[in-house]
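Coordinates in review
So you can see what is in the structure, the chains are spelled out below.
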Amino acid sequence: MAWLNDPGAVPLGARPLTTNTSPEEEEKKSSLHGDEEDQQNLTRIMMPHSRGLRRCPKCSDNFKPPRAHHDSVTGRCIVKFDHFCPWIGNAVGVMNHKFFFLFILYTLLASLFSIFIITAQFHRCGFTLQSNNKFSLEACERVHSIQVKILLAVSIIFMIFTSCMLAEQLEAILTGTSKIARLKLRSGRAGPELERVAQDFNETFGGDTGPGIALHWFLPLRVTFPSGNKSEVMGYEFNDDFPREAFQEEESNQFQFKQSVSQTENSNTIVESSNDIISTEAVEETIELSKSLPRQIKKRSSFTLSDVPHSS
């Protein structure tokens, strides 16, 4: 499975994730419209990628997500690239890291089982040829053969080797970062963009059972992420409709700018409409007041001296 599965290669034509703007920036965008200077300011707010995207020159200047690194062996950019493993003949990345871990775990368990069986047979038949009088048994004769001794030595070597590798992979599982990312973070050559992005589930094993240990961790099942989280983990957007060529941020910026301007114009139209409604209501109130004013004047004019009380 670790050999056959895609390790998380970035496809040609991948696009950066859409940046969500804050409410303060949305308020700024709604107030910026009209002259050319304001439109330029709006462009700077709407285009977070206008400073330039990370690109890989070895992958035809394709977009390179923050947690992706180029694998010189396979010639691809791999998300959460850990290393290239000759044992599986493939790079280890976000989508096959689970199978690489299971490959090591299964090999360690097989080595321990082999050591246990051989040691039990040695204990039954004796560790030397003269240590047991029952050595005449055919099964005991095979235990002391050169092939079994070689198998025992290989099992011990693989047990030590896989134990060390498993301890290293446990760190990757707990931290949610690859080996390259951990080295860069420790040396201070990288920021929080290389750290884990998911807190509700484990990025190595996926699933929707939460970050805790689950049964599917130890089963060779395909890695799946909760709905809507795969793009966040991969660090890019891609579908079959995207052209198979390097993403050009200028085209995306123009589209986002036009979309933002249209949204701003719509919001201004709504504000103007609401102002018109308020003005109409004020005019209607004025007309009603002007109609009722003559009646009040007429009532006051009908007042005479006879209505004034006389003092005795």
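Structural data are supplied above this passage.
Note that the coordinates shown come from a computational prediction; the quantities given were computed from them, not determined experimentally.

Observations regarding the nonpolar core
Counting 19 residues, the largest nonpolar core has Val10, Val79, Val94, Phe225, Met234 and Tyr236 as its most contacted members. Among residues more than four places away in sequence, those in contact with Phe225 are Val94, Met95, Phe201, Glu203, Gly206, Lys230 and Val233. Residues Val92, Phe100, Leu102 and Ile104 belong to the second largest nonpolar core, which totals 17 residues.

Thoughts on the pairing of strand β3 (residues 68-71)
Of the pairings in the sheet, the one linking β3 to strand β4 (residues 76-79) comprises four bridges and is antiparallel in character. Pairing of Asp71 across the sheet is with Arg76, part of β4. In this antiparallel pair of consecutive strands, β3 and β4, the connection spans four residues, and Gly75 shows a positive phi of 70 degrees.

Considerations on the packing of helix α3 (residues 97-125) against helix α5 (residues 146-175)
Close contact between α3 and α5 brings their axes to 8 Å; oriented N to C, the two are set at 145 degrees. Between α3 and α5 the crossing geometry is left-handed. Classifying every residue of the contact of α3 with α5 gives 20 nonpolar, eight polar and no charged.

Some details on a nonpolar patch on the surface
A cluster of nonpolar side chains, contributed by Trp87, Phe103 and Phe161, occupies part of the molecular surface with about 340 Å² of accessible area. If you trace the backbone, Phe103 turns up in helix α3.

Describing the packing of aromatic side chains
The relative placement of two aromatic rings is captured by the distance of their centres and the angle of their planes. Taken as a whole and assessed by the stated rule, the structure comprises six aromatic pairs. Aromatic side chains Phe201 and Phe225 sit 5.8 Å apart centroid to centroid with 50 degrees between the ring planes, which places their arrangement in the tilted category. Here Phe201, found in the loop between α6 (179-187) and α7 (230-234), pairs with Phe225, found in the loop between α6 and α7; they are 24 residues apart in sequence, far enough to count as distant. You can call Phe201 buried: its relative accessible area is 3%.

What to know about the environment of Phe63
Tracing the backbone through its elements, the reader meets Phe63 in strand β2 (residues 62-63). For the pair formed by Phe63 and Pro11, sequence separation is 52 residues and the distance between their alpha carbons is 9.0 Å. Once residues lying within four places of it in the same chain are set aside, the contact partners of Phe63 are Val10, Ala14, Arg15, Pro16, Leu53, Arg54, Arg55, Gly235 and Tyr236.

Overview of the packing of α5 against α6
Remark: α5 packs on α6, axes separated minimally by 10 Å, with the N-to-C direction vectors making an angle of 75 degrees. When the axis of α5 is compared with that of α6, the two are roughly perpendicular. Across the interface between the two elements, Glu168, Glu171, Ala172 and Thr175 from α5 touch Lys179, Arg182 and Arg186 from α6. Residue classes in the contact of α5 with α6 are distributed as one nonpolar, one polar and five charged.

Details of the side chain of Ser155
Tracing the chain through its elements places Ser155 in helix α5. If sequence neighbours within four positions are ignored, Ser155 has contacts with Ser111, Ser114 and Ile115.

With respect to the side chain of Thr107
Mapped onto the elements of the fold, Thr107 is located in helix α3. At 2.6 Å, the side chain of Thr107 and the backbone oxygen of Phe103 are in polar contact. Look past the residues within four positions of Thr107 in its chain and what remains in contact with it is Phe158 and Thr162.

Considerations on the pattern of salt bridges
For the structure on display, the rule yields six salt bridges. With a shortest N-O distance of 2.9 Å, Arg67 and Glu203 are connected by a salt bridge. Separated by 136 residues along the polypeptide, Arg67 in the loop between β2 and β3 and Glu203 in the loop between α6 and α7 bring together distant segments of the chain. The class of Arg67 is buried, set by a relative accessible area of 7%.

Here's the deal with the environment of Asn90
With respect to the element layout, Asn90 can be found in strand β6 (residues 90-92). On the basis of relative accessibility, which here comes to 5%, the residue Asn90 falls in the buried class. Distance from Asn90 to Thr74, taken between C-alpha atoms, is 7.6 Å for residues 16 residues apart in sequence. Non-local contacts of Asn90, meaning those with residues more than four positions away in its chain, are made with Ala2, Trp3, Asn5, Pro7, Arg76, Phe84, Cys85 and Asn96.

Calculation criteria
- Residues numbered from 1 in each chain as written.
- Predicted model: local features only at pLDDT ≥ 70, side-chain atom pairs only at ≥ 80, totals over all residues.
- Heavy atoms only, no water.
- Core = buried A, V, L, I, M, F, W, Y, C linked by side-chain atoms within 4.5 Å.
- Buried < 20%, exposed > 50% of the residue type's maximum accessible area, 1.4 Å probe, protein only.
- Contact = heavy atoms within 4.5 Å.
- Pairing = 2+ DSSP bridges.
- Helix = DSSP H or I, 4+ residues; strand = E, 2+ residues; numbered from the N terminus.
- Axes fitted to C-alpha atoms, helices over the stretch in contact; angles between N-to-C directions.
- Left-handed = near helix turned anticlockwise from the far one by under 90°.
- Nonpolar A, V, L, I, M, F, W, Y, C, P; charged D, E, K, R; others polar.
- Patch = residues over 30% accessible without salt bridge, like charges linked within 9 Å, V, L, I, M, F, W, Y side chains within 5 Å.
- Areas by Shrake-Rupley, 256 points an atom, 1.4 Å probe, with all protein chains shown as cover.
- Salt bridge = Lys/Arg side-chain N within 4 Å of Asp/Glu carboxyl O.
- Phe/Tyr/Trp six-rings, centres within 6.5 Å; stacked < 30°, edge-to-face > 60°.
- Parallel < 35°, antiparallel > 145°, perpendicular 65-115°, else oblique.
- Polar contact = N/O pair within 3.5 Å; in protein donor to acceptor, adjacent residues only side chain to side chain.

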